[in-house]
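# Fold and contact review
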Amino acid sequence: MNPDKQTPGEGYLQGEWKQDSVPAQKSLVTYSLYDIKFSCDSFLLKISTVSKVNYGADTCMSKGHWDEYIRGTYSQRRDTLHIKGQFCNADGSYKNEQGCFRFGDYEEYFKVHKQSDSLIRFVSTSNVIPINAHLIKRTSCIPKPL
C-alpha cells in the first residue's frame, strides 16, 4: 500500500541549496549550475545552463542561457542519493514534448559528501563535474498528505 503522507526524507538536506560556480567555468564551452530545494522526501531542481555554442532556436536558448526544472522524490542509501522525477515548467506544471529542451522522466544518482552543515558536494555518476552546493535557507519537513 502507498503511504497517505510524505515521508520525512533526510533531515540534513531539508532546505534550499545553490551551486555558484564550477571549476574552470570561464574556459568551458557549456556548463550548468544547480539550485536544489528539498522538502521532506521531495525535491525541485533548477538547472541553469550557459553555452557559448548555439545548439538550436534562440527562442529556447535565450542567447546561450536557459533553465530547466525537474520535480520528484528522492531517497538515500548510505552515501548515494537517488533522485527521480519529471521535467516540468518553472511553475511546477507538467512539461509536454512541444516545449523547449528535455521533457519526460529524469533519474540521477549522486555520491553525497557532506563537507559541513552548510556545504555539500554531490558527485554525479554520469557527469564529471561535481556540484558543490551551499545552503541558502534551512527548512523543516512538515509531511503533506498525498
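Residues numbered from 1 in each chain as written. Predicted model: local features only at pLDDT ≥ 70, side-chain atom pairs only at ≥ 80, totals over all residues. Heavy atoms only, no water.

### Quick word on the confidence of the model for the protein
Considering every residue of the protein, the mean pLDDT works out to 89; 94% of them sit at 70 or more. Least confident of the elements in the protein is helix 1 (residues 58–61), whose mean pLDDT is 69; most confident is strand 1 (residues 15–18), at 97. (pLDDT = per-residue confidence, 0-100. Helix = DSSP H or I, 4+ residues; strand = E, 2+ residues; numbered from the N terminus.)

### Here's the deal with the sheet that holds strand 2 (residues 30–39)
The antiparallel closed barrel is built from 8 strands, whose spatial order is 1-2-3-4-5-6-7-8. Direction aside, neighbouring strands of the sheet carry axes that sit 35 degrees apart on average. Two elements, strand 3 (residues 42–51) and strand 4 (residues 65–77), share 9 bridges in a ladder whose sense is antiparallel. Bridge assignment links threonine 49 to a residue of strand 4, and that residue is tryptophan 66. (Pairing = 2+ DSSP bridges. Axes fitted to C-alpha atoms, helices over the stretch in contact; angles between N-to-C directions.)

### Considering the state of the cysteines
As enumerated under the stated definition, the model contains 1 disulfide in all. Here cysteine 40 pairs with cysteine 141 through a disulfide, and the sulfurs are 2.0 Å apart. An S-S torsion of about 105 degrees defines the bridge between cysteine 40 and cysteine 141 as right-handed. Here cysteine 40 is found in the loop between strand 2 and strand 3, whereas its partner cysteine 141 is found in the segment after strand 8 (131–138), with 101 residues between them in sequence. The class of cysteine 40 is buried, set by a relative accessible area of 1%. Overall, cysteine 141 belongs to the partly exposed group, its relative accessible area being 24%. (Disulfide = S-S within 2.5 Å. Buried < 20%, exposed > 50% of the residue type's maximum accessible area, 1.4 Å probe, protein only.)

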